[in-house]
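Residues per chain are reported as follows:
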Protein chains: 2
Amino acid sequence: MVTLEDVARHAGVSLATASRVLNGSTRQVGASLREKVEVAAAQLGYRTNVAAQTLARGASNVIGLVVHDLTDPYFAAIADGAMRVAERQGLMVMVGTTHRDPQREIAYVSTLNAQRVRAVLLAGSRLTDTQVTRRLREELDRYRETGGRVACVGQDMLGVDTVAPGNREGAAALARALAGLGHRGFAILAGPEGLITARDRVAGFTEELHRLGLPDPLVLHGSFDRDGGYGAATRVSGVTCVFAVNDVMAVGALAAFRDRGIRVPEDVSVAGFDDIFTLRDLVPALSTVRLPLADMGARALELALDAAEEARVEGVAGEVVLRASTRALG
Amino acid sequence: MVTLEDVARHAGVSLATASRVLNGSTRQVGASLREKVEVAAAQLGYRTNVAAQTLARGASNVIGLVVHDLTDPYFAAIADGAMRVAERQGLMVMVGTTHRDPQREIAYVSTLNAQRVRAVLLAGSRLTDTQVTRRLREELDRYRETGGRVACVGQDMLGVDTVAPGNREGAAALARALAGLGHRGFAILAGPEGLITARDRVAGFTEELHRLGLPDPLVLHGSFDRDGGYGAATRVSGVTCVFAVNDVMAVGALAAFRDRGIRVPEDVSVAGFDDIFTLRDLVPALSTVRLPLADMGARALELALDAAEEARVEGVAGEVVLRASTRALG
DNA sequence: CTGTTAGCGCGTTCAC
DNA sequence: GTGAACGCGCTAACAG
């Protein structure tokens, strides 16, 4: 293993000089020595030892990213956005996937703390479980006490910089749009009870129906994925419009209705939430609430990197997009 | 920042003892001292400094993963598989996305080398550009010379452990199946010319048509994504069956045909390749060649981690899956 | 079992 | 400009 010292010796200069030319020091080095060092480094095939550098500098060039599931396009999009800004800043990204296990989320924060990453990004809905939230906060606080920066894409419950999707407002806007189409009987494929993202979308939608003087929707719980949508849709009846709290669930619902011989949108309208890119060619095209996921991931990392005194919360508005999966009544 | 030394002093033991209880040493420590150390660590909020540990041990607990694009479900699936085995082994994963820029792939290998990661996983098709391949190999060799382990999901061109999807064979089997349905006039949405995965699929398909005595297919190039499939499908005519070299392109083709008023499968059959999970609810359901992507990612990491004398190449067979997007003729 | 000590590779004051 | 030397936090002999 070639070390800086090898390079220095080979170039006939001091360790310090070699360090200055090879790594981003502010100090200047004479052209001739600089040349020698570069040649020696190239010849020997020198590669900086980042661990040593991190130790000496007391700061790393890595950021941590914790998501639930990379194969869920929602998180893939957020991760992509975050990784683009990381790359632009010359930072590497360490990724942990929790597969929706909150214990694992906490464990990752701890591990990333040990790695002394520059910043940690938490993507994904918070849970109603206050125990879990408290323990996560403790872990985050401990990390932040020693200079760690944290940002979150999701609900503002951790006392850190947060990019908060407008779940309530978006769902409410969607309800309004759907009501505007003439629908009066709704079902909500509501996701799991403990997931705040799902809850907020349900609440925003339901409250808006109230406000419009429409009857309460049928609320059907299930998992937050395709199968959850499918299963819940199986139990739908007597409504003209179904709101799945995310697009992936809506896809499951579409499949369920197809299997049941129920046509969309002729027999029932279906809307989702998120506007997942990979699903844009679905037939019928899915009405949904668009969230700029990549931007949200990027923005969250920017917030984390740009240290501030107190936690900032940035809301992100969802935009209702009506497509072929919902139709006007009468 | 609390260090091991702080903990040791606080517990009234030596640095070595503290190290032994807090980090995974094989050495035993008496119960009473162990207890003291653990209490002290907890009280002080000690967190291992992984950089220091890595430096001292000369080995890190991180693996590197280089993919083209995380938002492409193909890579997301591979990454997910790899990350599951990483997690099982207690390793963290550093991810780099190249966005199909080969320079960036090389740069990431260099950076991961500097990080002294335990292993590097390269996922994604190789290119026909021999210059690029040579430079990548050089960079990999340099990494391997100092103990780095490398594995690749893709073509065996790097001289490293490789999980090689059976692109040719899979495409040939698909051609056979499609011919068995009675199709004789084919078009291939062939992807970019320089991408070997695409090339192999085209070649396997074409050669099998030859072997069956069927006419040459119409070969239409384009990008390897949804838009490439859409664009190429726009130029299709006079055939009964279209083979898109991956599922995402097939989705684009479906959209193009829809826009052109061409019905699938009534007017034209469409098949893809990969069997992307997120697309399984597409209508019409896509005929394709299934690749066990997550397993491939997992297997590649296993290969990399389990050091061997010489590079192993494991072929992975694709399985033809005929669904509703292709129909039998006459 | 437990403690002492010499590095691991590099950044960075300091003097020159 | 350049070099010498100390310290970053931890591991791993080695000695007891």
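Within an unreviewed UniProt entry, the label attached to chain A reads LacI family transcriptional regulator, and the organism entered is Streptosporangium becharense.

Next up on the list: the relation of the copies chain B and chain A. You can overlay chain B on chain A at an RMSD of 0.1 Å; the transform is a turn of 180° with a shift of 0.0 Å along its axis. Such a combination of rotation and displacement between the chain copies is what one expects of a two-fold axis. Of the residues that chain B buries at the interface, 100% are likewise interface residues in chain A, meaning the two copies contact each other through the same surface.

A few words now on empty space enclosed by the protein. Overall, the coordinates contain seven cavities of 30 Å³ or more when judged by the stated rule. Its volume calculated, the largest cavity comes out at about 200 Å³. For the largest cavity, the lining is made up of 15 residues, of which Ala51 and Gln115 of chain A together with Ala51, Thr54 and Gln115 of chain B are closest to its centre. Within the residue set of the lining of the largest cavity, elements represented by two or more residues are α4 (50-57) of chain A together with α4 (50-57) of chain B. Within the lining of the largest cavity, the residues separate by chemical class into nine nonpolar, six polar and no charged. One number sums up the size of the second largest cavity: a volume of about 140 Å³. Contributing to the lining of the second largest cavity are 20 residues, with Tyr74, Phe75, Arg100, Thr197 and Phe224 of chain B lying nearest its centre. Mapped by element, the contributors of at least two residues to the lining of the second largest cavity are α5 (73-88) and α9 (196-211) of chain B. For the lining of the second largest cavity, the class distribution of residues is eight nonpolar, eight polar and four charged. Residues lining the lining of the second largest cavity come from more than one domain, with at least three contributed by each of domain 2 (56-164 + 294-316) and domain 3 (167-291) of chain B.

Below, the discussion takes up α4 of chain B. All of the buried residues along α4 of chain B are Val50, Ala51, Gln53 and Thr54 of chain B. All buried residues of α4 of chain B project into a common sector of 165° when viewed along the axis, lining one side. Looking at the buried residues of α4 of chain B, the elements they touch are α4 and α6 (102-114) of chain A. With a side-chain oxygen positioned 3.0 Å from the backbone nitrogen of Ala51 of chain B, the residue opening α4 of chain B is Asn49 of chain B. Phi turns positive one or two residues past the end of α4 of chain B, at Gly58 of chain B, with a value near 75°.

Turning to the protein's contact with DNA strand C, a few remarks are in order. Not every one of the 25 residues close to DNA strand C is listed here, only the nearest: Leu4 and Tyr46 of chain A together with Arg20, Arg27 and Gly30 of chain B. Looking at DNA strand C alone, sugar and phosphate atoms form 61% of those within 4 Å of the protein. In the model, a phosphate oxygen of DNA strand C is placed 2.7 Å from a nitrogen or oxygen of the Ser19 of chain A side chain. One of the backbone nitrogen or oxygen atoms of Ala56 of chain B is found 3.4 Å away from a base oxygen of DNA strand C. Looking at which element gives the most residues to the surface near DNA strand C, the answer is α4 of chain A, with four residues. Across the surface near DNA strand C, the residue classes tally to eleven nonpolar, ten polar and four charged.

Here the focus is the packing of helix α10 (residues 226-234) of chain B against helix α11 (residues 247-260) of chain B. For any two helices packed against each other, one specifies the crossing angle of their axes together with the interaxial distance. Residue and element names in this part refer to chain B. With their axes 6 Å apart at the nearest point, α10 and α11 run at an angle of 45° to one another. Our classification of the angle between α10 and α11 gives oblique. In this structure, α10 meets α11 at a crossing whose hand is right-handed. Contacts between α10 and α11 involve Arg226, Gly228, Gly229, Tyr230, Ala233 and Thr234 from the first element and Val248, Met249, Gly252, Ala253, Ala255, Ala256, Phe257, Asp259 and Arg260 from the second.

Bringing the interface of chain B and chain A into the picture now. Counting residues at the interface gives 54 residues for chain B, matched by 54 residues for chain A. Here chain B meets chain A over a buried area of about 4900 Å², counting both sides, of which 59% is carbon and sulfur. The interface formed by chain B and chain A contains eight salt bridges. A salt bridge links Glu139 of chain B to Arg47 of chain A; its shortest N-O distance comes to 2.5 Å. At the level of secondary structure, the elements contributing two or more residues to the side of chain B that touches chain A comprise α4, α5, β2 (92-97), α6 (102-114), α7 (130-145), α10 and α11 of chain B. Per-element tally for the side of chain B that touches chain A: the top contributor is α5 of chain B, with eight residues. Residues belonging to the side of chain B that touches chain A are distributed by class as follows: 26 nonpolar, 14 polar and 14 charged. Bridging between strand β2 (residues 92-97) of chain A and β2 of chain B involves three bridges; their strand directions are antiparallel.

Another aspect to go through is the side chain of Asp247 of chain A. All names here are of chain A. Tracing the sequence through the fold places Asp247 in helix α11 (residues 247-260). One buried charge, Asp247, has no salt-bridge partner; the nearest side chain with opposite charge is Arg323, at 5.8 Å. For Asp247, the contacting residues outside a window of four places in its chain are Gly272, Phe273, Asp274, Asp275, Ile276, Leu279, Leu286 and Thr288.

This next bit is on the pattern of salt bridges. The full count for this structure, using the stated rule, is 53 salt bridges over all chains. Between Arg312 of chain A and Asp161 of chain A there is a salt bridge whose closest N-O contact spans 2.8 Å. With Arg312 of chain A in the loop between α12 (293-305) and β11 (313-316) and Asp161 of chain A in strand β5 (residues 161-165), this residue pair connects regions lying 151 residues apart in the sequence. By relative accessible area, which is 23% here, Arg312 of chain A ends up partly exposed. According to the relative accessible area criterion, Asp161 of chain A is buried, its value standing at 3%. A salt bridge links Asp281 of chain A to Arg226 of chain B; the shortest N-O distance between them is 2.6 Å. Of this pair, Asp281 of chain A sits in the loop between β9 (269-271) and β10 (288-290) while Arg226 of chain B sits in helix α10, placing the two residues on different chains. Judged by its relative accessible area of 9%, Asp281 of chain A is buried. A cluster of three or more residues bridged by salt bridges with shared partners is formed by Arg149, Asp161, Asp306 and Arg312 of chain A.

Definitions and cut-offs
Residues numbered from 1 in each chain as written. Chains lettered and ligands numbered in written order. Predicted model: local features only at pLDDT ≥ 70, side-chain atom pairs only at ≥ 80, totals over all residues. Heavy atoms only, no water. Least-squares fit on C-alpha atoms with pLDDT ≥ 70 in both. Contact = heavy atoms within 4.5 Å. 1 Å grid on protein atoms, 1.4 Å probe; cavity = no way out; pocket = protein on both sides within 12 Å on 5 of 7 lines; lining within 4 Å. Points joined across faces, edges and corners; volume = space filled by probe spheres on them. Helix = DSSP H or I, 4+ residues; strand = E, 2+ residues; numbered from the N terminus. Nonpolar A, V, L, I, M, F, W, Y, C, P; charged D, E, K, R; others polar. Domains from an automatic or database assignment. Buried < 20%, exposed > 50% of the residue type's maximum accessible area, 1.4 Å probe, protein only. Arc of directions from axis to C-beta. Polar contact = N/O pair within 3.5 Å; in protein donor to acceptor, adjacent residues only side chain to side chain. Near = heavy atom within 4 Å. Axes fitted to C-alpha atoms, helices over the stretch in contact; angles between N-to-C directions. Parallel < 35°, antiparallel > 145°, perpendicular 65-115°, else oblique. Left-handed = near helix turned anticlockwise from the far one by under 90°. Buried area = accessible area lost by both parts, 1.4 Å probe. Salt bridge = Lys/Arg side-chain N within 4 Å of Asp/Glu carboxyl O. Pairing = 2+ DSSP bridges. Lys, Arg positive; Asp, Glu negative; His and termini not counted.

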